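# Observations on the three-dimensional arrangement
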Amino acid sequence: MDKNTIFPYLTVLTGVLIVLVRPWPVRAGNVEKQIEAPVHKAVQIEQTTQATQSQWRDERGEKTKMFENLEAQIKALETQKAQQADQKNLMTVKIAQKKQQLSDIAQISAQISPFLDQLLEQVQALFHRDLPFLQEERTKRIEALAAMAHDPEVPVSERFRKIMEALMVEAEYGQTVEVYQQTIDLSGRETLVNIFRLGRLSLFYQTLDKQHCGAYNIAQKDWEPLEDNYLRDIQEAVDMGSKRKPVEILDLPLGRISVQ
């Protein structure tokens, strides 16, 4: 192929290459949009990242605070656990002591019950051989003690307390004087009189008209009249027992003291 034949082909090929290599026309508005879009997206990503980091910091602060609170609670619970362990040990010791005390009480109760029965019998015997004063009051007290002795629900400590109270009251009668009114049998006739109790030694009576007096004969278990010369002394004794006059020495018949 000669030069003249090739030239037209080269001219056409060169024109095609020029067309292909020549830049495509771009508008200015499209360039700005292409630049702004990535920038705007980058700003949004930065803002989102900052917001996320801020949220993470807040959550980290909350979690840290929660963790510290939990640690404080754990320490408090550990302290409480140690205290409860000490209390448990102390209660265990106390329970063991209480069990031992209950065992000792059961043994003492078994030993003291017969002793209380003997004391009750002595109180009853004293009442029956004693002067007949405050009969109703003393009878009720003894009957109550006897009822407690047969009641299994009454603890031994309560029985002991009541019997000791009764003994103290009976012992006090021997150290006091008393004046009260009572209806007694005088020669087969029920008569209301003033009674003067001189401890546990003797009982004297004086009629309300102050014309007759007498004393209780514990051997005969009956009231016996006294001579009229004792009227004045009995009247003074009644006045002293009623605290209407100061205590003085009186001449009163006390009977005989017998040794059994």
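For the structure, see preceding data.
Residues numbered from 1 in each chain as written. Predicted model: local features only at pLDDT ≥ 70, side-chain atom pairs only at ≥ 80, totals over all residues. Heavy atoms only, no water.

## What about the overall build of the protein?
The helix and strand tally for the protein stands at 5 helices and 5 strands. Its helices and strands taken in sequence order, the protein reads α-α-α-α-β-β-β-β-β-α from the N to the C terminus. Burial status across the protein gives 22% buried among its 260 residues. Within the protein, contacts between residues at least 6 apart in sequence are counted, and of these 41% link residues at least 24 apart. Carbon and sulfur atoms make up 57% of the accessible area of the protein, which totals about 20,400 Å². (Helix = DSSP H or I, 4+ residues; strand = E, 2+ residues; numbered from the N terminus. Buried < 20%, exposed > 50% of the residue type's maximum accessible area, 1.4 Å probe, protein only. Contact = heavy atoms within 4.5 Å. Areas by Shrake-Rupley, 256 points an atom, 1.4 Å probe, with all protein chains shown as cover.)

## Let's talk about the nonpolar core
Within the largest apolar cluster, 13 residues are counted, with the highest numbers of intra-cluster contacts made by Phe133, Ile184, Ile195, Leu203, Tyr205 and Trp223. Contributions of two or more residues to this core are made by strand S1 (177-186), strand S2 (189-198) and strand S3 (202-207). Broken down by element, the residue count for this core peaks at 3 residues, all from S1. When sequence neighbours within four positions are dropped, the list of residues in contact with isoleucine 195 reads Glu178, Val179, Tyr180, Gln182, Ile184, Leu203, Phe204, Tyr205 and Trp223. (Core = buried A, V, L, I, M, F, W, Y, C linked by side-chain atoms within 4.5 Å.)

## Considering unusual backbone geometry
The phi dihedral of leucine 134 is positive, around 45°, even though this residue is not glycine. Locating leucine 134 in the fold gives a position in the loop between helix H2 (28-129) and helix H3 (135-149). Residue leucine 134 is classed as buried on the basis of its relative accessible area, which comes to 18%.

## Description of the sheet that holds S2
What the 5 strands build is an open sheet, ordered S1-S2-S3-S4-S5; its pairing is antiparallel. On the outer flanks of this sheet lie S1 and strand S5 (222-225), each paired with one strand and no other. Between one strand axis and the next, the sheet turns through 35° on average, direction left out of account. Looking at chain direction, S2 and S3 are connected through 6 bridges and run antiparallel. Bridged to valine 193 within S3 is threonine 207. (Pairing = 2+ DSSP bridges. Axes fitted to C-alpha atoms, helices over the stretch in contact; angles between N-to-C directions.)

## Concerning the pairing of S5
Examined bridge by bridge, strand S4 (residues 213-217) and S5 share 4 bridges and lie antiparallel to one another. Each bridged residue has a counterpart across the sheet, and for asparagine 217 the counterpart in S5 is aspartate 222. Counting the residues between successive antiparallel strands, the hairpin from S4 to S5 contains 4 residues, one of them, lysine 221, with a positive phi of roughly 55°.

## Comments concerning a negative patch on the surface
On the surface, Asp185, Glu190, Asp222 and Glu224 cluster together into a negatively charged patch. The residue aspartate 185 is located in strand S1 in this model. (Patch = residues over 30% accessible without salt bridge, like charges linked within 9 Å, V, L, I, M, F, W, Y side chains within 5 Å. Salt bridge = Lys/Arg side-chain N within 4 Å of Asp/Glu carboxyl O. Lys, Arg positive; Asp, Glu negative; His and termini not counted. Charge placed at Lys NZ, Arg CZ, Asp CG, Glu CD.)

## Observations concerning the packing of H3 against helix H4 (residues 156-173)
The contact between H3 and H4 brings their axes to 10 Å, and the two run at 160°. The angle between H3 and H4 places the two elements in the roughly antiparallel class. In this structure, H3 meets H4 at a crossing whose hand is left-handed. On the side of H3, the interface is formed by Glu137, Arg138, Arg141, Leu145, Met148 and Ala149, while H4 contributes Glu158, Arg159, Lys162, Ile163, Ala166, Val169, Glu170 and Tyr173. A class-by-class count of the residues in the contact of H3 with H4 yields 7 nonpolar, no polar and 7 charged. (Parallel < 35°, antiparallel > 145°, perpendicular 65-115°, else oblique. Left-handed = near helix turned anticlockwise from the far one by under 90°. Nonpolar A, V, L, I, M, F, W, Y, C, P; charged D, E, K, R; others polar.)

## Some remarks on the environment of isoleucine 249
One can find isoleucine 249 in the segment after helix H5 (231-241). The spacing of isoleucine 249 and alanine 237 is 12 residues in sequence and 9.5 Å in space, taken between C-alpha atoms.

## Quick word on the side chain of asparagine 194
Examined against the element boundaries, asparagine 194 turns out to sit in strand S2. Of note is the side chain of asparagine 194, whose polar atom sits 3.2 Å from the side chain of glutamine 181. (Polar contact = N/O pair within 3.5 Å; in protein donor to acceptor, adjacent residues only side chain to side chain.)

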